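This is what each chain is made of:
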Amino acid sequence: MDTLFLVKIGELVLKGGNRKDFERRLRDELKHRLRGLSARIQTGVGRWFVECDPERDADVQAVLATIPGIYAYARATRTGKTFDEIAIAAREAARSRVEAGGRTFKVEARRSDKSFPLDSYGISRELGARLLADFPGLSVDVHAPDFTVRVEIRDRAYVYSGDEAGQKGLPVGSSGKGLLLLSGGIDSPVAGYRMALRGLSLEAVYFHAYPYTSREAWEKVRDLARILARYAGRVTLHTVPFTEPQLAIKRNAPENCATLFMRAGMFTIADRIASSIGANCLITGESLGQVASQTAENLRFTEAFAKLPVLRPLIGTDKEDTIALARRIGSYETSILPYEDCCVIFSPAHPLLRADMARETEAYEKAALGPLLDEAFKNTERLVIDPRQ
Ligand code: ATP
Ligand code: MG
């Protein structure tokens, strides 16, 4: 028998007029991600169903668990709408939970087909009684049960126990596209993930100062982009050859401004890439006060080099919380690999803490980075990363 997943659609039901567009995007993305797994998608109001061959069940589950816009999902049994058929399915659902050590339970029923002879309360009560008879030693706890058996009476009856949480959020692309400044650090992949859940499709840009930063450093960024693609769908990684601008900054700029100017150069190029790919914002992993370049004054200086809004989802997030999220999404182990990124190598010992717009703008102009930035932009390389790779 095929595996059936009941899928709960997240924020979508709340979105009134936009709902149709969001559902279409989620369905298209789901279709794309499930291609080749011979899964069938059936959409409905607030509930979708995905059916697949049991052999593909883990792959399908991995998609449901990572794609933005899904609130929760569960393996379900579909039965006819008679009480006996429902009770048999409920017994099977309860059996696996009892075998896993569950001792207390409750039944939750929903009935969108009002012609079903029992109302929700009646279904819960009758089914509860059956399950108590089926499993001696089991008892009801309506407040904090070990497990819940759920029944939904719709076109057919659906029985399941054990919701798995989805990512929630909005489907990819419903907020347009963002260009993520992706370094090899802990923060930027998490920032990209957070914005992907707000409905941005992602492209990423990495500034590579080869040979000061190694081939391995680039591979690490590519691997992080692959991890992001599990959630965000296809990600194009733009690699900007940034050695010449870096060296020019070192030569021509006051030492304490090196990081600040490097970031101004990054924003200049990122903004151009963003316009060329139709992105509506830049995304960074910056967090207020974490390092010298992330004071409000310095953020103001650097973002003046971008015309698009700069989104910084981690601006108020504690590093420990960012690390916890990095672990959860699976990027942490890659982020902590030792290869240095270019910021670290070219960092001044005593970076400027509070940029003065007039003074630093003058020094930046003197560094004459323009032609080098043009050249770096022109020589940017692209790599498309598909989540199904
Ligand atoms: P991360 O852990 O994301 O590297 P961080 O705390 O190390 O962040 P910085 O290195 O100062 O902070 O960088 C701040 C942000 O600037 C990063 O989150 C990222 O968005 C961007 N950034 C820094 N270096 C690069 C790079 N080489 N290529 C692309 N983006 C970068
Ligand atoms: Mg960094």
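Our subject is the structure that appears above.
All values derive from a computational prediction rather than experimental measurement. (Residues numbered from 1 in each chain as written. Chains lettered and ligands numbered in written order. Predicted model: local features only at pLDDT ≥ 70, side-chain atom pairs only at ≥ 80, totals over all residues. Heavy atoms only, no water.)

1. Let's talk about the site of ligand 1
The local shell around ligand 1 holds 21 residues, among which Leu 181, Ser 183, Ser 188, Arg 263 and Gln 290 are the closest. For ligand 1, a nitrogen atom lies 3.0 Å from a polar atom in the backbone of Phe 207. Within the side chain of Gln 290, one N or O atom sits 2.6 Å away from an oxygen atom of ligand 1. Relative to its unbound accessible surface of 560 Å², ligand 1 loses 92% to contact with the protein. Going through the elements one at a time, helix H5 (187-197), strand S11 (201-208), helix H8 (258-277) and helix H12 (342-345) are the ones with two or more residues in the shell around ligand 1. When residues of the shell around ligand 1 are assigned to their parent elements, the largest contribution, three residues, is made by S11. (Near = heavy atom within 4 Å. Polar contact = N/O pair within 3.5 Å; in protein donor to acceptor, adjacent residues only side chain to side chain. Areas by Shrake-Rupley, 256 points an atom, 1.4 Å probe, with all protein chains shown as cover. Helix = DSSP H or I, 4+ residues; strand = E, 2+ residues; numbered from the N terminus.)

2. Quick look at the side chain of Asp 187
When you line up the elements, Asp 187 lands in helix H5. A distance of 2.9 Å separates the side chain of Asp 187 from the side chain of Lys 319, its partner in a polar contact.

3. Observations regarding the environment of Val 140
Relative to the assigned elements, Val 140 resides in strand S6 (residues 139-140). Along the chain, Val 140 and Lys 20 lie 120 residues apart, while their C-alpha atoms are 40 Å from each other. Apart from the residues within four sequence positions on either side, Val 140 is in contact with Phe 105 and Leu 132. (Contact = heavy atoms within 4.5 Å.)

4. Things to note about the environment of Glu 108
Within the secondary structure layout, Glu 108 lies in strand S5 (residues 104-111). Assessed through its relative accessible area of 34%, Glu 108 is described here as partly exposed. C-alpha separation for the pair Glu 108 and Ala 72, spaced 36 residues apart in sequence, amounts to 16 Å. Aside from chain neighbours lying at most four places away, what touches Glu 108 is Ser 124, Thr 148, Val 149, Arg 150 and Val 151. Among the polar contacts made by the side chain of Glu 108, one reaches the side chain of Arg 150 at a distance of 2.8 Å. (Buried < 20%, exposed > 50% of the residue type's maximum accessible area, 1.4 Å probe, protein only.)

5. What about the packing of aromatic side chains?
As enumerated under the stated definition, the model contains ten aromatic pairs in all. Among the aromatic side chains, those forming a connected cluster through ring pairs are Phe 261, Phe 301, Phe 305 and Tyr 364. Directly above the aromatic system of Tyr 71 lies the positively charged group of Lys 168, at a separation of 5.0 Å from the ring centroid. Here the guanidinium or amino end of Arg 272 rests over the ring plane of Phe 377, the centre of that ring lying 5.2 Å away. (Phe/Tyr/Trp six-rings, centres within 6.5 Å; stacked < 30°, edge-to-face > 60°. Lys NZ or Arg CZ within 6 Å of the ring centre and 35° of its normal.)

6. So, the sheet that holds strand S15 (residues 381-385)
What the six strands build is an open sheet, ordered S14-S13-S10-S11-S12-S15; its pairing is mixed. A single partner strand is all that each edge strand has here, and the edge strands are strand S14 (310-311) and S15. Sheet analysis places S11 next to strand S12 (residues 235-241), joined by six bridges and oriented parallel. Within S12, the residue paired with Phe 207 across the bridge is Val 240. (Pairing = 2+ DSSP bridges.)

7. Concerning the packing of H8 against helix H9 (residues 296-303)
As a packed pair, H8 and H9 sit with axes 8 Å apart at the nearest point and diverge in direction by 40°. Classified by the interaxial angle, the pair formed by H8 and H9 is oblique. Along this stretch, H8 crosses H9, giving a crossing that reads as right-handed. In this structure, H8 contributes Leu 260, Phe 261, Arg 263, Ala 264 and Phe 267 to the contact, and H9 contributes Asn 298, Phe 301 and Thr 302. A per-class count over the contact of H8 with H9 returns five nonpolar, two polar and one charged. (Axes fitted to C-alpha atoms, helices over the stretch in contact; angles between N-to-C directions. Parallel < 35°, antiparallel > 145°, perpendicular 65-115°, else oblique. Left-handed = near helix turned anticlockwise from the far one by under 90°. Nonpolar A, V, L, I, M, F, W, Y, C, P; charged D, E, K, R; others polar.)

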